[in-house]
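What follows is each chain in one-letter form.
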Amino acid sequence: MVASVETPEKMVGKALKRREDPRLMTGAGNFLDDVKLAGLTHAAIVRSPHAHAKIANIDTSAAAGLPGVVGVFTGQDFLDVNPMPAAWQAGGVTNHPVTPRVLAINEVHQVGDPVAVVVAETLAQAIDAAEAVHVVWDLLPAVVNAKRATEAGAPQLHEEAPNNIVLEWECGKDAATVDAALSASDVRVSQSIVNQRLIPTPMETRGSIGRYDPGTGDYTLWATSQAPHVHRLLLAAFVLGVPEQKIRVIVPDMGGGFGCKIFVYYDMALTLALSKKVGGRPVKFVEDRSENYLTTTHGRDHITDLEIGASNDGHITAIKVKTFANLGAYFSTIAAGIPTTLYGRMLAGCYKVPNIHCHVTGVYTNTAMVDAYRGAGRPEAAFVIERVCDLVAGATGVDPAEVRRRNFIQPSDFPYDTGIGMLPYDSGDYETALDRALTSVGYAELRAEQAARRERGDGKLLGIGLSSYVEVCGVAPSKWIGLQGEGWGAGLWESANVKVHLTGKVVVTTGSLPHGQGHETTFAQLVSDELGVPYDDIEVEHSDTHGAPFGFGTYGSRSLSVGGTAIYKSVGKVREKAIKLAAHMLEAAEADIVLENGKAYVKGLPASVKTIQEIALAAHVAYDLPAGMEPYLDETTYYDPPNCTFPFGTHICVVEVDRDTGHVVPIRYVAVDDVGNVVNPLIVDGQIHGGIAQGLAQALYEGAVYNDDGQLVTGTLMDYAIPRASNVPFYELDRTVTPSPVNPMGVKGAGEAGTIASTPAVANAVIDAVAHLGIKHLDMPLTPERLWRALSN
Amino acid sequence: MADTVAAPAKVAISVTVNGKAHSAEVEPRTLLVSFLREQLGLTGTHIGCDTSSCGACVVHLNGEAVKSCTIFAAQLDGAEITTIEGLGTDGNLHVVQEGFWEMHGLQCGYCTPGMIMTSTAFLKSNPNPTEDEIRHALDGNLCRCTGYQNIVRAVQYAAAKSNGA
C-alpha cells in the first residue's frame, strides 16, 4: 500500500563500476586454459618452418612411442574434415577462395602451417613427442609483398588464383569520370601510402577444447570465440558435416579479441575431430605466443596509390584510390569484407567528395591470413581520407583544420548518402566536435609555438595532427549485409531473451558476449531502468549456445546498438504482458494501467499497486490469468537493425620530434568522440583509451615484418612493439552527444572509434612536425630510424 | 630418429603458497607458472607470451615481484610465494584491487593479476609515486585493452588511500 511511487536512481548514464571485476581481480576468472575437465588430454602441433613447401614425407613412428602419447595424426587422417568456410564472398571474389584445412596436406603456404598433431596426457609430453615427428620438405620459393605477388614470375600459391589474385573490387564512380574530375582540378596530389600489417595481440592467445560424446554423438567445444553460434553453425554445416544442434559451443572468460577471435580456425575443428579419434577424451590446444603470431589472423596490410584533386580553396574535388590488399596464405572467414565494403565504402569520411573511385585487388602471399582487426577496414579508410585532408592542406596552403571544416557534411544533411554504396550516415555534427577539440588543445597557440620554434631553429620539432573521423558500426541490417555480392550472405541481427522469475529476479540471455566490454554491467543497467527492477536483481548470461538464443556475436561495435536494442525490445514485450496481467489483477482496463519504476497501478489510484515481482509470481503460478494468456514472463526478440550507426569525432595529437635522433614523443592527446547516448561513461571512456593506444601504436611502434623467405621476423613480443605504459600519453577525453535515430536508445557504439581516429591523428602530427623541411609523407611506424633517415636526406 | 635420453630425475620441493605448505615433485624444466597452474590448480596467474615479455605471470617470491615464467620451480625449495589468489578476496579486497575496481583498471582481466602483483610490490618500495614513476614501474606488464590510463589511476588511488588521503 504505497502512497506514492518512489523513484529509484537511474542507472543509464551512471559511471557504475563493473560487476565482472571482483572475480577477475582475485584470480577467480575462468579463461580457456583454466577450464578443468576429467580425462583432459593435450595437443601439440607440428608446423612448417618454411613459408612455401611441398610435404614430401611425415614420419610419426618415433613420436608415437614416447611416454604419455595417446595418438599422433597428420592431415591424411582428417580427409573427411572439410576446409574452413569462406563466409564472406563479396562481389568481386572472382576466383574460388582457398581456405585452410585442419592440417595441411601435400603443400604448406606459410610458416607455421600445421601438418601434424600429437595428443598426450600432459602438455610437456605432447611437445616432446611433436619434436620427434620428422617431416621432409621440398622447398618452394615464397612471396610476401602483395604487389609483387601479382607480377609475372611470382611464386604461385594456389592454382585457383592465377597471379595470386583472389578478388578484384570497385566502388564509386567509374575511373574515367574521376580521371576527368582530377584533370579539371586546380590542384593535384599523388601519393603512395602503406597501411602496414599489424598483429592484434590479445593478451590471451587462442585455444580450443574439443570433446566428443560417443554415446550421443554430440560435440562440445570450448573456444576463445567472439561468435559461438556462428562457429557452431559453420563448423556443423561446412566443416564436420553434422546437424547444427550436435555441437555446443561454450566461451569461457576471454582475454581480449580485437577481431582475431571472430573467425573459424583449424584448431576448433581439429580438437573436436581428435576427441572423436581418442574415444571421447577432451583434447585441449592452446597457442603459445609464437603460434599466435604465426597463424592467428593479422590486420591491415594495404599498399595504396592515391590521386587527389582539390580546388585552390581546399575543397576536395576528386579521389582515386588503388589498393593492393594482402590477404595472406589462405582466405580467412570474412577476409573479403574488410578491404571492400568496410574500407572502400567509407573513403568519403566526414566529407562531401563529389568524385571517388576505388579499386581493390585482394592477393594471396606466403604470410599469415589477414582479416578484421579493431576497426576492420575503417581505420584503413580513415587513414586515407585524413591523409588526403593534410595533403590538400599542404598543396593549397589552407590550414588542415580549415580544409576539414570546408568539406564537412552538415548536420542538416543527415541522413546522408555519400554516393559510394555505403548506407546513409545516421546523424552527425562534425564541426562542433572539431571546434571543441581545437579549443581544448589550444590550436592557435600551438601553431604560434610551432612557428616560433621553426623561426629559432629549435631542435625539438613540434607537430600537430588532426583526425576528424566517422566510422560505420553497429553492424548490420541483414538485407544489406546479406546481399549476394555485397556482404556475407547471412544476417547480422541480434537476439535477447528476458525472463522474470517468480522471485522477481530477472535473467537476460544475450547473443552478444563480452571480452572486456562490460556487458554484464551495462546490459543490467539498461534493464534496470526500463523494467524498474533493482540492478542487483538482474543477471546477464551469455556465451553458451545451449541456452543463449542464436546471436551473431561481438565485433563491429554492435553489442549495445544491436544486442542492447534486442534486450530493450524484449523488456518492452515483458512490460506489455505485465500491464495486461496487472490490469487483470487490479480489475481495471489495460489502458488505465501505468507501469513505472517496477510498479503497476491504475491511473489516478496510486495506492492500488502491483509490483513487477508480484506480477511475475502471478504469471508463474498461473492460477488466475486472463483468457488466452500463457504463463510466465519470458520474451525473446530477434532484432534486425534498420541501419548501421556512425560514431564520429575529432582527435588531435601533439608530438615533439627530436631533429637529431628522430625520436617521437606524443606530448598531448585530445579526443572528442560522439558515440550517441551513453549508458556507462566509465566503460565508454575505457574503450576509447584502449582504442587510442592501439591506433597510436600503429602510427609509432607496431609493424609485422616478413623477410623475403616468408619468415616472420617480428615473431615475438621482443620484436613486435606493443606499447607499454610509458610509451603512451595521457588521453584527454571529451564528448559530444548526437543521438542515433537508428535505435530507441540513440546509441552508436564505441569499441573501435578510438583506434580508427588515432592512427591518422598521430601520423599527421609527426608528418606535420617535419613538413616545413619539405617532407610530404612518411609511412608508419614512425620510428626514430624512419624519421632520422628522412631528416638526414 | 630422436635420441631418446632418459628423463632427468624429478626434484622434491617444499614451498609455501599463499600461506599454505606444499610438498611436490617437479621436473627440472617445470616453470614456476606451470607448477602453480597445473600442479596446484591456481589458475589466477596467466601466461601471455613465450617468455619474460608480458608480465601476466607476475607473482611475489619471498616478498619480491618476479615473472613466474622465468624461474624454475625446482629452484624454489623453501620459498614463500604469494599469487593473486592470496592477495585479497571478493569482500576483502587489497587496496590495490579496490583501486582497480573503482578506476575501471581492467577490461578483459587477463593481464590484471600480473598488473596487480606488480603494483602492490611497487607501492611497497615507493608509496608516494609520481605518474611517470608509476608508468615506468608498470613497463614490464603489457595490457592491450585499457591503454594504461585507468591502471595508472588505480595505482594512484591505492597510493592515496594507503597514505591516509
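Residues numbered from 1 in each chain as written. Chains lettered and ligands numbered in written order. Predicted model: local features only at pLDDT ≥ 70, side-chain atom pairs only at ≥ 80, totals over all residues.

Asks: Describe the overall build of chain B, with residues and values.
Replies: A count of helices and strands for chain B gives five helices and five strands. Taken over C-alpha atoms, the radius of gyration comes to 17 Å for chain B, in line with the 15 Å a tight globule of 165 residues would show. When its C-alpha atoms are laid out on the principal axes, chain B stretches across 60 × 35 × 25 Å. Of all 165 residues assigned to chain B, the portion counted as buried reaches 55%. (Helix = DSSP H or I, 4+ residues; strand = E, 2+ residues; numbered from the N terminus. Rg over C-alpha atoms; globule rule 2.2 N^0.38 Å. Buried ≥ 20, exposed ≤ 12 C-beta atoms within 10 Å, placed from the backbone.)

Asks: Can you tell me about the overall build of chain A, naming the residues and giving the values?
Replies: Looking only at helices and strands, chain A features 20 helices and 26 strands. By the compact-globule yardstick of 28 Å for 793 residues, chain A fits well, its C-alpha radius of gyration being 28 Å. Along the first, second and third principal axes, the C-alpha atoms of chain A reach 85 × 75 × 50 Å. Residues counted as buried form 60% of the 793 residues belonging to chain A. Look at the contacts in chain A between residues 6 or more apart in sequence, and 81% of them connect residues 24 or more apart. (Contact = placed C-beta atoms within 7 Å.)

Asks: Go over the packing of helix H10 (residues 378-396) of chain A against helix H19 (residues 753-770) of chain A, please, and point to the residues and values.
Replies: Residue and element names in this part refer to chain A. Close contact between H10 and H19 brings their axes to 8 Å; oriented N to C, the two are set at 35 degrees. At the point where H10 passes H19, the crossing takes the right-handed sense. Residue-level inspection shows Arg378, Pro379, Ala382, Phe383, Glu386, Arg387 and Asp390 of H10 in contact with H19, the latter providing Thr755, Ile756, Ala757, Thr759, Pro760, Asn764 and Ile767. Residue classes in the contact of H10 with H19 are distributed as seven nonpolar, three polar and four charged. (Axes fitted to C-alpha atoms, helices over the stretch in contact; angles between N-to-C directions. Left-handed = near helix turned anticlockwise from the far one by under 90°. Nonpolar A, V, L, I, M, F, W, Y, C, P; charged D, E, K, R; others polar.)

Asks: Describe in detail the domain arrangement of chain A, supporting the description with residues and values.
Replies: All names here are of chain A. The domain boundaries assigned to chain A delineate domain 1 (21-28 + 493-639), domain 2 (32-140 + 205-254 + 261-295) and domain 3 (302-476 + 643-792). Domain 1 and domain 2 are separated by 40 Å when their C-alpha centres are compared. Taken residue by residue, the interface counts 13 residues in domain 1 and 12 residues in domain 2. Looking at side-chain class alone, the side of domain 1 that touches domain 2 contains four nonpolar, eight polar and one charged residues. (Domains from an automatic or database assignment.)

Asks: Break down the interface of chain B and chain A for me, with residues and values.
Replies: Each partner contributes to the interface: chain B provides 44 residues, whereas chain A provides 46 residues. At the level of elements, helix H2 (95-102), helix H3 (112-125), helix H4 (131-137) and helix H5 (149-162) of chain B are the ones that each hand at least two residues to the side of chain B that touches chain A. With four residues, the top contributor of residues to the side of chain B that touches chain A is H2 of chain B. For the side of chain B that touches chain A, the per-class residue count stands at 20 nonpolar, 17 polar and seven charged.

Asks: Give a detailed account of the domain arrangement of chain B, specifying residues and quantitative values.
Replies: All names here are of chain B. Along its sequence, chain B is carved into domain 1 (11-86) and domain 2 (95-162). For domain 1 versus domain 2, the distance between C-alpha centres works out to 22 Å. Opposite the 14 residues of domain 1 that make contact, domain 2 presents 11 residues. Looking at the side of domain 1 that touches domain 2, the elements with two or more residues in it are strand E3 (58-61) and strand E4 (64-67). Its residues assigned to classes, the side of domain 1 that touches domain 2 comprises seven nonpolar, six polar and one charged.

Asks: Outline the sheet that holds strand E24 (residues 648-658) of chain A, supporting the account with residue identities and numerical values.
Replies: All names here are of chain A. Strand order across the open sheet formed by four strands is E16-E24-E25-E26, with mixed pairing between neighbours. Since the sheet does not close on itself, it has two edges, and those belong to strand E16 (460-470) and strand E26 (731-735), each with one partner. Neighbour-to-neighbour, the strand axes of this sheet turn through a mean angle of 15 degrees, independent of strand direction. Bridging between E16 and E24 involves 11 bridges; their strand directions are antiparallel. (Pairing = 2+ DSSP bridges.)

Asks: A description of the pairing of E24 of chain A should follow, citing residues and the corresponding values.
Replies: Residues and elements named next belong to chain A. The buried count for E24 comes to 10 of 11 residues, which makes it a mostly enclosed element. Across 10 bridges, E24 lies against strand E25 (residues 664-674) in antiparallel orientation. Following the sheet pairing, Thr650 is matched in E25 by Val672. Connecting the antiparallel pair E24 and E25 is a turn made up of five residues, with Gly662 showing a positive phi of about 80 degrees.

Asks: Before we move on, could you go through helix H17 (residues 612-621) of chain A and cite the residues and values that matter?
Replies: Think of an α-helix as 3.6 residues a turn; residues three or four steps apart then line up on the same face. Residue and element names in this part refer to chain A. Buried residues of H17: Ile612, Ile615, Ala616, Ala618 and Ala619, and no others. When H17 is viewed along its axis, its buried side chains cluster within an angular range of 160 degrees and face the same direction. Where H17 is buried, its residues touch strand E17 (494-500), helix H15 (519-531), helix H16 (559-585), strand E21 (599-602), strand E22 (605-611) and strand E23 (633-639). Just past H17, the residue Ala622 takes up positive phi, approximately 60 degrees. (Arc of directions from axis to C-beta.)

Asks: So what about the environment of Asp138 of chain A? Which residues, and what values?
Replies: All names here are of chain A. Examined against the element boundaries, Asp138 turns out to sit in strand E6 (residues 134-139). Spatially, the C-alpha atom of Asp138 lies 6.2 Å from that of Ala56, the residues being 82 residues apart in sequence. If we ignore the near neighbours within four places in the chain, the residues touching Asp138 are Ala53, Lys54 and Ala56.

Asks: Could you give an account of unusual backbone geometry, naming the residues involved and the relevant values?
Replies: Across the junction of Phe414 of chain A and Pro415 of chain A, the peptide omega takes the value 0 degrees, indicating a cis bond. Looking at the element boundaries, Pro415 of chain A is found in the loop between helix H11 (400-407) and helix H12 (430-441). Cis rather than trans, the peptide bond between Val475 of chain A and Ala476 of chain A has omega equal to -15 degrees. Within the fold, Ala476 of chain A resides in the loop between E16 and helix H14 (478-481). Not every positive phi belongs to a glycine, and Phe258 of chain A is a case in point at roughly 60 degrees. Looking at where Phe258 of chain A falls in the secondary structure, it is placed in the loop between strand E11 (247-250) and helix H7 (266-277). Of note, the phi angle at Asn18 of chain B is positive, near 55 degrees, even though the residue is not glycine.

Asks: Any details on the nonpolar core? Residues and values, ideally.
Replies: The biggest cluster of nonpolar side chains holds 312 residues, and the ones touching the most others in it are Val117, Val118, Ala269 and Val527 of chain A. Here the element with the most residues in this core is H19 of chain A; it accounts for 11 residues. (Core = buried A, V, L, I, M, F, W, Y, C linked by C-beta atoms within 7 Å.)

Asks: Tell me about the confidence of the model for chain B, and name the residues and values.
Replies: Looking at chain B, the pLDDT average stands at 95 and 96% of residues meet or exceed 70. Interface confidence for the predicted complex, given as ipTM, is 0.97, next to a pTM of 0.97. (pLDDT = per-residue confidence, 0-100.)

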